[in-house]
Structure formats: C-alpha cells, structure tokens
Amino acid sequence: FSGGSCENCGVAIDQVNNLAYMQIGLAGSSTGGIETFNLGTGTQSVFPTFYEPSEDISVDPARKWVLSASEGYLTIPNVYDIIDTSSSPYKEYGFPISLPSGEFDSSAEDCTTGIVLSTEEFSTGLFIADATQAVFVGGTPGSWSAPQQTTYFPEYGYMGAGTDGIAVAPGSHLALVAGEFGTNEVGV
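To keep things clear, this report deals only with the structure shown in the data block. (Residues numbered from 1 in each chain as written. Predicted model: local features only at pLDDT ≥ 70, side-chain atom pairs only at ≥ 80, totals over all residues. Heavy atoms only, no water.)

## Examining the overall build of the chain
Looking only at helices and strands, one finds zero helices and 17 strands in the chain. Principal axes of the C-alpha set define a box for the chain whose edges measure 45 × 35 × 30 Å. Expressed as a percentage of its 188 residues, the buried residues of the chain come to 49%. Considering only contacts within the chain whose residues lie at least 6 apart along the sequence, 43% involve residues at least 24 apart. (Helix = DSSP H or I, 4+ residues; strand = E, 2+ residues; numbered from the N terminus. Buried < 20%, exposed > 50% of the residue type's maximum accessible area, 1.4 Å probe, protein only. Contact = heavy atoms within 4.5 Å.)

Here you go:
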C-alpha cells in the first residue's frame, strides 16, 4: 500500500523468524502501532508506537528491527523509526529528520550493509543512512542518529507524487523505487 487513507496499511514478513509485522490503527491512539503475528503459532501481540507508522514498513530479520519512515500526518513529520523487536516489550527509537523538500513515505534496508532508505514523496529524493554507525539513546521513545544524506535523482521526476514505494532486492544492493497512484514507473 502506498497512497490514500487507511487504518491498517503495511505488512512486512520476517521469513527467518516466521513473523509478520503489520502497521495498524489502534482505537484510542492518535498514532497507531505495530502488530506482530507469529505465522507458526498464530499468536499475535500489539505494540503502540509513539510515532505514526510508515505507509510501508520494512523488516531486518538479523537485527530484529522493524523500520518505519513516517510522514507523520498525525504526529511529528519525517521521523525514521526503528522498532527493536529483540526483547519484550519492544523498544522504539526515532530519528527526526529535517527534509528540504518532500516527506517520508516508505521504508527499506539493504540488510547486508545496514544502509536504511526512505523515499521522499513529492520530490525525487531518497533518504539514506548508515545504521551500522547508529548511536542509540534509550527513553520512551528512545532516539537514534547516524551518518545520513538525501540524494536526488532527476530521472525519477516522471513518477507520480515523486518517489513513494521502495524495496531492496535481497543480496543485490539494488533498491527498486516506484511512484504512486498508478504511474506504472519503476526506477532502480
């Protein structure tokens, strides 16, 4: 899913640990949360998030992270959230970013290198950070920071609403980027 309004938008599958993570709306919450569904046992649990989850979340099974680069319509805009699922309760770490143009839309990671990415809707930009150099500070929520930059790709100017959907093909170091609202264009 990318675009429009929804209550339960994104899902990411962790094949290594047999889990599905879903971005969900929660009654009584202004931000929503992440629901974990164990694909083997059928058990589920909910983690309310401080920051509004991204339209398209991603998962790093080795680091046990759910990645969520949020537009933040309801809360603080442009926060790249990492939810550490290695222990219960989960821990949330936000990285607020001041973007010169656009807003976060989708999350991805090259899990072999630890490079995290987000599209920047309404621009040709991609946010890129090196999570292997991340500094995490505890709290509720906690925070993280790392070397980061936005890179612009003028050739993505044809994409509807700019760069919106993103995924990294495992083991390839290639990110696939798409526009929104049926533009049927993909960049690599």
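## What about the sheet that holds strand β15 (residues 165-169)?
The sheet built from three strands is open, its strands ordered β15-β16-β17 with antiparallel pairing. Looking along the sheet, the strands with just one partner apiece sit at the ends: β15 and β17 (186-187). Bridge count between β15 and strand β16 (residues 174-178): five bridges; the pairing is antiparallel. Within β16, the position partnered with Val 168 by the bridge is Ala 175. (Pairing = 2+ DSSP bridges.)

## Let's talk about the sheet that holds strand β14 (residues 148-152)
Strand order in this open sheet of four strands is β9-β10-β11-β14, and the pairing throughout is antiparallel. What marks the edges here is a single partner per strand, and that holds for β9 (103-110) and β14. Averaged over all pairs of adjacent strands, the angle between strand axes in this sheet comes to 25 degrees, irrespective of strand direction. Note that β9 and strand β10 (residues 115-121) share six bridges and pair antiparallel. (Axes fitted to C-alpha atoms, helices over the stretch in contact; angles between N-to-C directions.)

## Considering the nonpolar core
The biggest cluster of nonpolar side chains holds 17 residues, and the ones touching the most others in it are Tyr 80, Phe 104, Val 116, Phe 127 and Trp 144. At the level of secondary structure, the elements contributing two or more residues to this core comprise β6 (65-70), β7 (79-84), β8 (91-96) and β11 (125-130). In terms of nonpolar packing, the next biggest core, distinct from the first, is built from ten residues, Ile 34, Phe 47, Val 59 and Ile 83 among them. (Core = buried A, V, L, I, M, F, W, Y, C linked by side-chain atoms within 4.5 Å.)

## Quick look at the pairing of strand β13 (residues 142-145)
Side chains Gly 142 and Trp 144 of β13 all project onto a buried face; the interleaved residues Ser 143 and Ser 145 project onto a face where none is buried. By the bridge criterion, two bridges tie β8 to β13 in an arrangement that is parallel. Residue pairing for β13: Gly 94 is matched across the bridge by Ser 143. Between strand β12 (residues 135-137) and β13, which pair antiparallel and follow one another directly, the connecting turn spans four residues, one of which, Gly 139, has a positive phi of 150 degrees.

## Some words on unusual backbone geometry
Across residues other than glycine, the phi torsion is negative in most instances, and most of the peptide bonds are trans. With an omega of 0 degrees, the peptide bond between Ser 88 and Pro 89 qualifies as cis. Note that Pro 89 resides in the loop between β7 and β8. Thr 140 connects to Pro 141 through a cis peptide bond whose omega is 0 degrees. Among the secondary structure elements, Pro 141 is positioned in the loop between β12 and β13.

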